[in-house]
Amino acid sequence: QVQLVESGGGLVQAGGSLRLSCAASGSFSINDMGWYHQAPGKQREYVASITSGGSTNYAESVTGRFTISRDNAKRTVYLQMNSLQPEDTSVYYCYADRIASFVRYWGRGTQVTVSS
């Protein structure tokens, strides 16, 4: 059974940092991994992604503040979030793409709340 489990969310003051983790389990080979976020009443939005080879891409709103990384041996993707602002408050979802397919698996989300 495929599972993606996020951790590391929480409450932080503006200017602070959080590190999210997402561990994938199950019998599938992973291609790209990444993060989206969804604020209340809004659509899910792209945050960052990383290929199996380590190439990264970021949304403009987080470039220079967030860093995505992964540990392929641990099947885990990370999101280091620095200089957090209240507008970063959202539920953050990780995903993992099954290699050689159009299948994308999602985690259940972790809440990030940034107070001003």
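Residues numbered from 1 in each chain as written. Predicted model: local features only at pLDDT ≥ 70, side-chain atom pairs only at ≥ 80, totals over all residues. Heavy atoms only, no water.

Structural notes on the nonpolar core
Move 1: W35, V47, F66, V77, L79, M81 and Y92 are the most contacted members of the largest nonpolar core, which totals 27 residues.
Move 2: Going through the elements one at a time, β3 (18–25), β4 (30–38), β5 (45–50), β7 (66–71), β8 (76–81), β9 (90–98) and β11 (110–115) are the ones with two or more residues in this core.
Move 3: The greatest single-element share of this core, amounting to 4 residues, is contributed by β3.
Move 4: Contacts of V77, omitting those with residues within four sequence positions, involve L20, S21, C22, M33, W35, I50, I68, S69, R70 and C94. (Core = buried A, V, L, I, M, F, W, Y, C linked by side-chain atoms within 4.5 Å. Buried < 20%, exposed > 50% of the residue type's maximum accessible area, 1.4 Å probe, protein only. Helix = DSSP H or I, 4+ residues; strand = E, 2+ residues; numbered from the N terminus. Contact = heavy atoms within 4.5 Å.)

Description of the packing of aromatic side chains
Each aromatic ring pair is characterised by the separation of its centres together with the angle its planes make.
Move 1: In this structure the tally under the stated criterion is 5 aromatic pairs.
Move 2: A ring pair is formed by Y36 and Y46, whose centres lie 5.6 Å apart and whose planes are at 80 degrees; its orientation type is edge-to-face. Placement of Y36 in strand β4 and of Y46 in strand β5 is noted, with a sequence separation of 10 residues between them.
Move 3: The class for Y36 is buried, based on a relative accessible area of 18%.
Move 4: Relative to W106, the ring of Y36 lies with its centre 5.3 Å away and its plane at 75 degrees, an arrangement referred to as edge-to-face. (Phe/Tyr/Trp six-rings, centres within 6.5 Å; stacked < 30°, edge-to-face > 60°.)

Section: the state of the cysteines
Move 1: Enumeration over the complete set of coordinates arrives at 1 disulfide.
Move 2: Between the sulfur of C22 and that of C94 lies a disulfide, 1.9 Å long from S to S. One quick way to see it: the torsion about the S-S bond of C22 and C94 is about 50 degrees, and its sign makes the bridge right-handed. You can see C22 sitting in strand β3 and its partner C94 sitting in strand β9, a full 72 residues away along the chain.
Move 3: Classification of C22 by relative accessible area gives buried; the value is 0%. (Disulfide = S-S within 2.5 Å.)

Brief notes about unusual backbone geometry
Move 1: If you check the backbone angles, S83 has positive phi at about 50 degrees while not being a glycine.
Move 2: Within the secondary structure, S83 sits in the loop between β8 and β9.
Move 3: Look at S83 and you get partly exposed, because its relative accessible area is 36%.
Move 4: In the Ramachandran plot, A100 falls in the positive-phi region, its phi being about 60 degrees despite a non-glycine side chain.
Move 5: Within the secondary structure layout, A100 lies in the loop between β9 and β10 (104–106).
Move 6: The class of A100 is exposed, set by a relative accessible area of 80%.

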